[in-house]
Amino acid sequence: MTTDSLIDRAISVLRGNDTGIFVKPGPHQYPHQWNWDSALIALGFSHFDLPRAQLEIRSLLSGQWQDGMVPSVVYHSIPSDYFPSPGFWQIENSPSAPGSPTTGITQPPLLATVVRRLNSRQPMPDFVGEVYPALLRWHRWLHTARDVDNSDLACILHPWESGTDDSPRWLHLLASIQPEALPEFQRGDTRHVAANERPHRSDYERFIYLIDVFRKLNYAPSELLAKSPFLVQDVLFNAILFRADEDLRALAMILDEPTDEIDGWISNVQLNFNTRFWHEAVGLYYDYDVRSNEPIRVNTASTFLSLFAGLPSERQAQRLIEEHLLNTEEYAPAGAARHWVTTTAKTEPTWESRRYWRGPVWIIMNWFIMEGLGRYGYDDLADVIRKDTLGLIESAGFREYYDAQDGSGCGSTDFSWSAALTLELSMAPPMHFSP
C-alpha cells in the first residue's frame, strides 16, 4: 500500500467518526468524546483541516469543570448504549460540575502539547489566546487538587485516569479493594469487542466501585485525596503533565503571559520525578502507591514515557533503552511478541498478547516512545518502530490495539487516534525538542 493510500484511508476514518461536534474514538465502542483521544484527533485533523482540529479542542474544553478539571469523557447530546452512562456519575452533586454531562475523573493532559505543536506548524495566536486560560486552569488544578505531598506530582484516583485502564500495574492495588454494596450495573464494553480483549469482570467491578466512592464524596478534591482507596503517582501521567507544562509555558510566552507559576511546577517536578520514580538497581521508573507508600514494581512500557518528557539523564535514558526496550526478553520483538512495542514486559506473569493493556501494541504508546527516542538521539531506532507501526496499520487496519504476537487487530475497528497518528507519522516534519 502506498503512503498516499494510507493517508487517504486515515482521513476517511476521521471523517467517518465525525459527529459534527466531536469525533468519536470508535464508531461503536466509544460513542462519546474522550479527553486524550480528542487531543490526538485534533493533531491528525491539523494535517488537512485546521479549523476542524480547533473545533475538536473547543468541544472538549466545553466540558471543563468550574474548578479547572477537564474530564475524561464529555457526553454531548449523542444517544448511546455506552456504560457508564452520564447519569451514573451523578456529577450534579458536585458544586464544581459543569452544565454539560461529563465523567467525574480526568485523563492524561496531552492537550497543551498538541496545541503548541499545531501552533508551531501554523501560527494561530487568536486560537492560542482563546484556549490558553482553560489549559492553565486545568494544569493548576492538577498541581493543586491532585497534589498530595507538595511535590507537584499529580495523583490519579482511578485506573481509567491513567489512560492505561487494564494495565497489570494496577492489579495488586485493585485486589486490595473489597467492593461494598456494589451498585447495579451492566457493562457494555464486551458488546462490540471480544471478552478476551477486555478487562476481567473482577477488575471491572472495582472500577465501578471506585466511581461509587467518588459519587458519595461528591467529587470534593480534598475528600478524594483523603479517602479514595486508589491513590497513585503515575509515571505516564506525570511525564505527560511535565511535557505539557513545558508546552504551556511556551504558549504563555507567545501570548506574553507570566510564567512564574508554570516555572514553579516545572522546577518542582524536575526535582521530584527521578527521586520518586527511578529505581537504580533495575534501571526502570516505577509508579508509586501513595496508600501503601510503596513503589509498584511492575515492568510496563509506561516507564518509557519518561523519555517523552525528557526527564531522564543521558545515562538513565541509555539504561532504559539498551537494558529494557532493546531487550528481546522484555520489549524488543522476538519470541512471544513479534512487534514493537508490547505494552507490558513479556517477563511479567500477567502478560497477554491481546488483552487490552496487558501486552498488545498501542499506536499511542509507540508514538510516545518514538518521540522520546528522538529527544535522546536514537533516531534510527525510532524509525524502526515507526515502520513497524505503519506496517501493522497497513496489514490490520486502523484498530484500537494489535496483538503483539501476530499483529492482528484488536478492540475497536476504525479507531480515530490510530488514524490520526498515522497522519502524524506519515506527514509530520521532524521535531526539534526544546523546553
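Residues numbered from 1 in each chain as written. Predicted model: local features only at pLDDT ≥ 70, side-chain atom pairs only at ≥ 80, totals over all residues. Heavy atoms only, no water.

Asker: I'd love a proper account of helix α3 (residues 50-61), names of residues and values included.
Answerer: Here α3 contains 12 residues, and its C-alpha end-to-end distance of 17 Å stays within 8% of the 16 Å for a straight helix at 1.5 Å per residue. When you tally the buried positions in α3, you get nine out of 12 residues, the bulk of the element. All of the buried residues in α3 are Leu50, Arg52, Ala53, Gln54, Glu56, Ile57, Ser59, Leu60 and Leu61. Here the buried face of α3 lies against β1 (33-34), α2 (35-45), β2 (73-74), α5 (111-121) and α6 (125-144). (Helix = DSSP H or I, 4+ residues; strand = E, 2+ residues; numbered from the N terminus. Expected span 1.5 Å × (residues − 1). Buried < 20%, exposed > 50% of the residue type's maximum accessible area, 1.4 Å probe, protein only. Contact = heavy atoms within 4.5 Å.)

Asker: Give me the packing of aromatic side chains: which residues, what numbers.
Answerer: One pass over the full model with this rule turns up 26 aromatic pairs. Between Trp34 and Tyr82, the aromatic rings sit 5.2 Å apart at their centres with planes inclined by 90°, giving edge-to-face as the arrangement. In this pair, Trp34 is assigned in strand β1 and Tyr82 in the loop between β2 and α4 (86-89), connecting sequence segments 48 residues apart. On the basis of an interplanar angle of 75° and a centroid distance of 5.8 Å, the ring pair of Trp65 and Tyr219 is categorised as edge-to-face. With Trp65 in the loop between α3 and β2 and Tyr219 in the loop between α8 (201-216) and α9 (221-227), the pair connects residues that are 154 residues apart, well separated along the chain. Sitting above the plane of the Phe45 ring, Arg52 keeps its charged end 5.3 Å from the centroid. (Phe/Tyr/Trp six-rings, centres within 6.5 Å; stacked < 30°, edge-to-face > 60°. Lys NZ or Arg CZ within 6 Å of the ring centre and 35° of its normal.)

Asker: Please set out the side chain of Gln316 residue by residue, giving values where relevant.
Answerer: In this fold, Gln316 is placed in helix α13 (residues 314-325). Among residues more than four places away in sequence, those in contact with Gln316 are Asn274, Trp278, Tyr285 and Leu311.

Asker: Could you give an account of the packing of α2 against α5, with specific residues and numbers?
Answerer: Look at α2 against α5: their axes get within 9 Å of each other, and the N-to-C directions meet at 10°. By the criterion of interaxial angle, the relationship of α2 to α5 is roughly parallel. Residues Ala39, Ala42 and Leu43 of α2 form the contact with α5, whose participating residues are Leu111, Val114, Arg117, Leu118 and Arg121. (Axes fitted to C-alpha atoms, helices over the stretch in contact; angles between N-to-C directions. Parallel < 35°, antiparallel > 145°, perpendicular 65-115°, else oblique.)

Asker: Got a sec to walk through the nonpolar core? Specific residues and values, please.
Answerer: One finds Ile364 and Phe368 to be the most contacted residues of the largest nonpolar core, which totals 149 residues. Counting residues per element, this core draws most heavily on helix α10 (residues 235-254), which supplies 11 residues. Look past the residues within four positions of Phe368 in its chain and what remains in contact with it is Trp36, Leu110, Ile240, Leu305 and Phe308. (Core = buried A, V, L, I, M, F, W, Y, C linked by side-chain atoms within 4.5 Å.)

Asker: How would you explain empty space enclosed by the protein if you had to name every residue and give the values?
Answerer: Taken as a whole, this structure holds five cavities of 30 Å³ or more when the rule is applied. Of the volumes computed, that of the largest cavity is approximately 370 Å³. Residue lining of the largest cavity: 30 residues in total, with Tyr30, Trp34, Tyr82, Asp165 and Tyr356 positioned closest to the centre. Those elements giving two or more residues to the lining of the largest cavity turn out to be α2 and α8. Along the lines of polarity and charge, the residues of the lining of the largest cavity split into 20 nonpolar, five polar and five charged. The computed volume of the second largest cavity comes to approximately 90 Å³. (1 Å grid on protein atoms, 1.4 Å probe; cavity = no way out; pocket = protein on both sides within 12 Å on 5 of 7 lines; lining within 4 Å. Points joined across faces, edges and corners; volume = space filled by probe spheres on them. Nonpolar A, V, L, I, M, F, W, Y, C, P; charged D, E, K, R; others polar.)

Asker: Account for the sheet that holds strand β7 (residues 287-289), with residues named and values stated.
Answerer: Here four strands make up an open sheet; going across it, the order is β3-β4-β7-β8 and the pairing antiparallel. Of all strands in the sheet, those bounded by a partner on one side alone are β3 (155-156) and β8 (294-296). Alignment of β3 against strand β4 (residues 232-233), held across two bridges, turns out to be antiparallel. Considered in β4, the bridge of Ile156 is made with Val232. (Pairing = 2+ DSSP bridges.)

Asker: So what's going on with the pattern of salt bridges? Which residues, and what values?
Answerer: By the definition in use, this model includes 30 salt bridges. Here Asp247 and Arg116 are joined by a salt bridge, their closest N and O atoms 2.7 Å apart. Highlighted residues: Asp247 in helix α10 and Arg116 in helix α5, separated in sequence by 131 residues. Residue class for Asp247 comes out buried when judged on its relative accessible area of 4%. Among the residues examined, Arg116 registers a relative accessible area of 22% and is labelled partly exposed. The salt bridge partner of Arg319 is Glu323, with a shortest N-O separation of 2.9 Å. Of this pair, Arg319 and Glu323 both sit in helix α13, four residues apart, which is roughly one turn of that helix. Judged by relative accessible area, Arg319 falls into the buried class, the value being 14%. Using a relative accessible area of 34% as the deciding quantity, one classes Glu323 as partly exposed. (Salt bridge = Lys/Arg side-chain N within 4 Å of Asp/Glu carboxyl O.)

Asker: Can you break down unusual backbone geometry residue by residue, with the values?
Answerer: Note that the residue after Phe83, namely Pro84, is joined by a cis bond; omega there is 0°. Of note, Pro84 is situated in the loop between β2 and α4. With an omega of -20°, the peptide bond running from Trp340 to Val341 counts as cis. Tracing the chain through its elements places Val341 in the loop between α13 and α14 (363-375). Phi is positive for Asp414, close to 45°, though the residue is something other than glycine. Checked against the element boundaries, Asp414 lands in the loop between β10 (409-410) and α16 (416-427).

Asker: Break down the environment of Arg140 for me, with residues and values.
Answerer: Looking at the secondary structure, you find Arg140 in helix α6. Judged by its relative accessible area of 31%, Arg140 is partly exposed. Once residues lying within four places of it in the same chain are set aside, the contact partners of Arg140 are Glu261 and Trp265.

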